[in-house]
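# Chains, contacts and geometry: an overview
Given next are the chains, with one letter for each unit.
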Amino acid sequence: MRVAISTTGLDLDAALDPRFGRTRHLVVCATDTETSSHHENPTAVNAEHGAGIRTAEFVASLGVQAVISGAVGPKAMQVLRAAGIKAYASSATTARAALAELRSGRLTEVS
């Protein structure tokens, strides 16, 4: 499964960003590998309103099946659900730790 993780930096060792819609960075990786790619969130800074919705649309365009963040707002969740993308909330300190939580089944899906 391909997962997008909201982060404060460029790789899996970056801190998990608790803000999904306003995160500046998204690290995308497969749950079965440590290979990852970095994507700048194009809506993080410029969007006055609707950042969560636009971020969810951007994440959907990346072809992921899930997202991990500290929190995902209700409007962004609607977009993710419509795209068939699962969302997981984590309080892990790094993206790598959040991915480990997902792999081990310790994260529950946000509804």
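Residues numbered from 1 in each chain as written. Predicted model: local features only at pLDDT ≥ 70, side-chain atom pairs only at ≥ 80, totals over all residues. Heavy atoms only, no water.

## Side note on helix H1 (residues 51–61)
- Within the span of H1, buried status applies to Ala51, Thr55, Ala56, Phe58 and Val59. Along the axis of H1, the buried positions cluster into a sector of 160°, meaning they face one direction only.
- Contacts made by the buried residues of H1 are with strand E1 (2–7), strand E2 (25–30), strand E3 (36–40), strand E4 (66–69) and helix H2 (74–82).
- Of the residues one or two after H1, Gly63 is the one with positive phi, at around 75°. (Buried < 20%, exposed > 50% of the residue type's maximum accessible area, 1.4 Å probe, protein only. Helix = DSSP H or I, 4+ residues; strand = E, 2+ residues; numbered from the N terminus. Arc of directions from axis to C-beta. Contact = heavy atoms within 4.5 Å.)

## Quick look at H2
- Buried within H2 are the following residues: Ala76, Met77 and Leu80. Relative to the axis of H2, the buried residues are bounded by an arc of 100° and lie together on one face. Exposed and facing more than 90 degrees away from the buried side of H2 are Pro74, Lys75, Gln78 and Ala82.
- Where H2 is buried, its residues contact H1, E4 and strand E5 (86–89).

## A few points about the pairing of E2
- Counted residue by residue, E2 has six buried out of six residues, so it is predominantly covered.
- Across six bridges, the pairing between E1 and E2 is antiparallel. Bridge pairing in E2 links Ala4 to Val28.
- By the bridge criterion, five bridges tie E2 to E3 in an arrangement that is antiparallel. Directly across from His25, in E3, lies its bridge partner Glu40.
- Linking two consecutive strands that pair antiparallel, namely E2 and E3, is a turn of five residues. (Pairing = 2+ DSSP bridges.)

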